[in-house]
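Chain by chain, the residues run as shown.
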Amino acid sequence: MSLSGLNPILMTIPESFESARLLIRAPLFGDGAAVNEAVIESIEELRPWMPWANNIPTIEESEIHIRNSRLKFLDRTDLQLLLFHKETGQLIGSSGLHRMDWQARSFETGYWVRTSYAGQGYISEAVEAITNFAIHQLEANRIEIRCDSRNKKSAAVAERSGFTLEGILRSEKCATDGSLRDTMIFAKVRGVEY
Ligand SMILES: CC(C)(COP(=O)(O)OP(=O)(O)OC[C@H]1O[C@@H](n2cnc3c(N)ncnc32)[C@H](O)[C@@H]1OP(=O)(O)O)[C@@H](O)C(=O)NCCC(=O)NCCS
């Protein structure tokens, strides 16, 4: 059945899938402690780029975030996806599909990696799996990645994953330190990149 015109609440969206090394799944009540541990380990690397990493979260705050995130997954307003290493069982980061337009079938993906798992290709692997999930399960027409033009590691993920740089929005918003940032916009579009 075509998904076009379907109210997204009626969609059957798988809550987990796998890539070679990762289990990728929707958040569950109780994931807050694992997220908190990974965020605290990675806080120095996250802080320059993620506004929410300005303060060190308590376990309770992480659990509140996760529970809200699960509710959003269920009502289809935001699809956060947690990344677990299949062998160690550790939470290695987070990604998801955000700021969606269900009519146009357009989504934005974002990501962060747990510092002890950085530099090993896990995020590129997750982005490929999540992109395929968006294309095949959600009939995505467009998947976007936005990042601060100074965030070379994030831009490298987009390039490595085959996204096309469409443009740079100059002085688009404030970075976490309050300075004005330029925003790079990468995308994959049906009929062009896939
Ligand atoms: C952006 C971010 C997620 C990138 O993480 P990352 O670990 O560099 O990305 P990947 O997991 O794709 O790993 C790529 C690196 O692993 C290496 N690598 C090793 N094995 C690999 C494999 N099998 N496949 C691909 N790359 C591999 C690559 O060469 C690359 O190394 P390099 O950085 O030395 O060039 C991370 O820097 C981060 O969390 N930053 C803070 C949050 C943030 O900025 N998020 C994005 C906001 S827009």
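Scroll up for the structure.
This structure is a prediction, so every number in the text was calculated from the model and none was measured.

Caption draft 1: Just the overall build of the protein chain, in detail. In terms of helices and strands, the protein chain carries four helices and nine strands. Along the chain direction, N to C, the helices and strands of the protein chain fall in the order β-β-α-α-β-β-β-β-α-β-α-β-β. Rg of the C-alpha trace for the protein chain: 16 Å, near the compact-globule value of 16 Å for 194 residues, within the 12% margin. Taken across its 194 residues, the protein chain has 47% of its residues classed as buried. The long-range fraction of contacts in the protein chain, counting pairs at least 24 apart against all pairs at least 6 apart in sequence, stands at 61%. Of the roughly 10000 Å² of accessible surface on the protein chain, 53% is carried by carbon and sulfur atoms. Here the protein chain holds 22 positive side-chain charges and 26 negative ones, and the gap between their average locations is 3 Å.

Caption draft 2: Layout of the environment of Glu 87. If you trace the backbone, Glu 87 turns up in the loop between strand 3 (79–85) and strand 4 (91–101). Classification of Glu 87 as exposed rests on a relative accessible area of 75%.

Caption draft 3: Structural view of the site of the ligand. Taken together, the neighbourhood of the ligand is formed by 21 residues, with Tyr 111, Gly 119, Ile 123, Ser 124 and Asn 151 sitting nearest. Backbone polar atom of Gly 121 to an oxygen atom of the ligand: 3.0 Å apart, as the coordinates give it. Take Tyr 122: an N or O atom from its main chain is 3.0 Å from an oxygen atom of the ligand. When residues of the shell around the ligand are traced back to their parent elements, those giving at least two are helix 1 (32–46), strand 6 (112–113), helix 3 (122–137), strand 7 (142–148) and helix 4 (152–160). Looking at which element gives the most residues to the shell around the ligand, the answer is helix 4, with four residues. Here the residues of the shell around the ligand are counted per class, giving 11 nonpolar, six polar and four charged.

Caption draft 4: Looking closely at the packing of aromatic side chains. Under the criterion given, the structure shown has four aromatic pairs. Ring geometry for Tyr 117 against Tyr 122: centres 5.7 Å apart, planes inclined by 65 degrees, an arrangement best described as edge-to-face. For the residue pair Tyr 117 and Tyr 122, the accessibility class agrees, reading buried in each case. Residue placement shows Arg 21 over the ring face of Tyr 122; its charged tip is 4.0 Å from the ring centre.

Caption draft 5: Fine view of the pattern of salt bridges. Using the criterion set out here, one finds 14 salt bridges in the structure. Of the charged contacts, one joins Glu 18 and Lys 86 as a salt bridge, the two residues approaching to 2.8 Å between their closest N and O atoms. Of this pair, Glu 18 sits in strand 1 (residues 16–18) while Lys 86 is found in the loop between strand 3 and strand 4, placing the two residues 68 residues apart along the sequence. Here Lys 86 falls in the partly exposed class, since its relative accessible area comes to 37%. Its salt-bridge partner being Asp 148, residue Arg 150 comes within 3.1 Å of it at the nearest N-O pair. Using a relative accessible area of 4% as the deciding quantity, one classes Asp 148 as buried. The network of salt bridges with shared partners includes Arg 142, Glu 144, Arg 146, Glu 166 and Glu 172.

Caption draft 6: Focus on helix 3. The first and last C-alpha atoms of helix 3 sit 22 Å apart over 16 residues, in line with the 22 Å expected at 1.5 Å per residue. Those residues of helix 3 that sit buried are Tyr 122, Ile 123, Ser 124, Glu 125, Ala 126, Val 127, Ala 129, Ile 130, Thr 131, Phe 133, Ala 134 and Ile 135.

Caption draft 7: Geometry of unusual backbone geometry. Phi is positive for Glu 139, which is not a glycine, with a value near 55 degrees. Checked against the element boundaries, Glu 139 lands in the loop between helix 3 and strand 7. Given a relative accessible area of 30%, Glu 139 falls into the partly exposed group. Non-glycine residue Ser 171 carries a positive phi angle of around 45 degrees. Structurally, Ser 171 can be placed in strand 8 (residues 164–174).

About the thresholds
- Note on numbering: residues in each chain are counted from 1, in written sequence order.
- Under the rules for a predicted model, residues below a pLDDT of 70 receive no local features and side-chain atom pairs below 80 are neither given nor counted, while totals for whole chains, interfaces and linings still include all residues.
- Remark: hydrogens and water are excluded; side-chain values derive from all non-hydrogen atoms of the structure.
- Here a helix means four or more residues in a row that DSSP labels H or I, a strand means two or more in a row labelled E, and each is numbered from the N terminus.
- Note that the radius of gyration is over C-alpha atoms, with the globule rule given as 2.2 Å times the number of residues to the power 0.38.
- Relative accessibility thresholds used throughout: buried, under 20% of the residue-type maximum; exposed, over 50%; partly exposed, between the two (1.4 Å probe, protein chains only).
- Between two residues, a contact is recorded if the distance between any of their heavy atoms is within 4.5 Å.
- Note on areas: Shrake-Rupley, 1.4 Å probe, and residue coverage restricted to the protein chains presented here.
- A residue counts as positive if it is Lys or Arg and as negative if it is Asp or Glu; His and the chain ends are not included.
- Each charge is placed at NZ for Lys, CZ for Arg, CG for Asp and CD for Glu.
- Residues are classed as near a molecule or strand on a simple rule: at least one heavy atom within 4 Å of it.
- Polar contacts, as counted here, are pairs of nitrogen or oxygen atoms within 3.5 Å of one another; within protein the pair requires one atom able to donate a hydrogen and one able to accept it, and residues that are adjacent in sequence qualify only if both atoms are side-chain atoms.
- Throughout, the ten residues Ala, Val, Leu, Ile, Met, Phe, Trp, Tyr, Cys and Pro are labelled nonpolar, Asp, Glu, Lys and Arg are labelled charged, and all others, Gly among them, are labelled polar.
- Here is the rule: rings of Phe, Tyr and Trp (six-membered ring for Trp) pair when centre to centre is within 6.5 Å. Planes less than 30 degrees apart are stacked, more than 60 are edge-to-face, and the remainder are tilted.
- In this scheme, Lys NZ or Arg CZ marks a charge over a ring once it lies within 6 Å of the ring centre and within 35 degrees of the ring normal.
- Note on definitions: salt bridges are taken to be side-chain nitrogens of Lys or Arg within 4 Å of carboxyl oxygens of Asp or Glu.
- Each residue after the first adds 1.5 Å to the expected span of a helix.

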